[in-house]
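A look at the structure
One letter stands for each residue in the lines below.
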Amino acid sequence: MEKQALIDLLNRDLADEHAAIIRYLVHGWMEGEDTPLGASLISISRDEMWHMHWLGMIIGELGGEPNFTPAPYPYYPTSRATMLKSYVEYDEKLIPH
Ligand SMILES: [Fe+2]
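Presented here is an overview of the structure given in this document.

About the thresholds
- Residues numbered from 1 in each chain as written.
- Predicted model: local features only at pLDDT ≥ 70, side-chain atom pairs only at ≥ 80, totals over all residues.
- Heavy atoms only, no water.
- Donors = N, O, S within 2.8 Å, 3.2 Å for Na, K, Ca; no water.
- Helix = DSSP H or I, 4+ residues; strand = E, 2+ residues; numbered from the N terminus.
- Buried < 20%, exposed > 50% of the residue type's maximum accessible area, 1.4 Å probe, protein only.
- Axes fitted to C-alpha atoms, helices over the stretch in contact; angles between N-to-C directions.
- Parallel < 35°, antiparallel > 145°, perpendicular 65-115°, else oblique.
- Left-handed = near helix turned anticlockwise from the far one by under 90°.
- Contact = heavy atoms within 4.5 Å.
- Expected span 1.5 Å × (residues − 1).
- Phe/Tyr/Trp six-rings, centres within 6.5 Å; stacked < 30°, edge-to-face > 60°.
- Lys NZ or Arg CZ within 6 Å of the ring centre and 35° of its normal.
- Core = buried A, V, L, I, M, F, W, Y, C linked by side-chain atoms within 4.5 Å.

Distances from the iron ion to its protein donors, E17 (OE), E17 (OE), E48 (OE) and H51 (ND1), fall within 2.0 to 2.6 Å. Counting along the primary sequence, the residues that act as donors to the iron ion give the motif E-x30-E-x2-H. Here E48 pairs with H51, and both are found in helix 2 (residues 36-61), just three residues apart, close to one helical turn. The class of E48 is buried, set by a relative accessible area of 12%. Its relative accessible area of 28% is what places H51 among the partly exposed residues.

If you want it as structure tokens, here you go:
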């Protein structure tokens, strides 16, 4: 694989991690930082920040420029059920990738 192709793939992952950070933060705050689910979602967002950091470091080491545009992500503010269902659907699409 050529270096630029690898950088492009890593940047795609970076955009997904960025979207995950936003999604977990928004849903965590919606749920409430003082609730078990909200606190858990915000905690998961911190893991995603590390993933984004690692990808950005690798992209930089390869001589690439990190993409700071987040990937599209589902946003379902109507209820817990639709919100949590969106996580399952979103992650199922990421598994093959
Ligand atoms: Fe991640």
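Bringing the packing of helix 1 (residues 3-31) against helix 3 (residues 80-94) into the picture now. One can describe the packing of helix 1 onto helix 3 by two numbers: an axis separation of 12 Å at closest approach and a directional angle of 165 degrees. The angle between helix 1 and helix 3 falls in the class roughly antiparallel. The two elements helix 1 and helix 3 cross, and the hand of that crossing is left-handed. Contacts from D16, A19, R23, Y24, H27 and E31 in helix 1 reach R80, M83, S86, Y87, Y90, D91 and L94 in helix 3.

Taking 1.5 Å per residue, 29 residues should reach 42 Å; helix 1 reaches 42 Å between its end C-alpha atoms and fits that length. Following helix 1 by one or two positions, G32 has its phi on the positive side, about 110 degrees.

Attention now goes to the packing of aromatic side chains. Tallied over the full model, the rule gives one aromatic pair. Taking NZ or CZ as reference, R23 lies 5.1 Å from the ring centre of Y24, over its face.

Core analysis: the largest hydrophobic core is formed by nine residues, namely I7, L10, L14, I21, L25, I42, M52, L55 and I59. Contributions of two or more residues to this core are made by helix 1 and helix 2. No other element matches helix 1, which puts five residues into this core. With residues near it in sequence (within four places) discarded, L14 still touches M52, L55, G56, I59, P66 and N67. Listed in part, the five residues of the second largest apolar core include A20, Y24, L41 and Y87.

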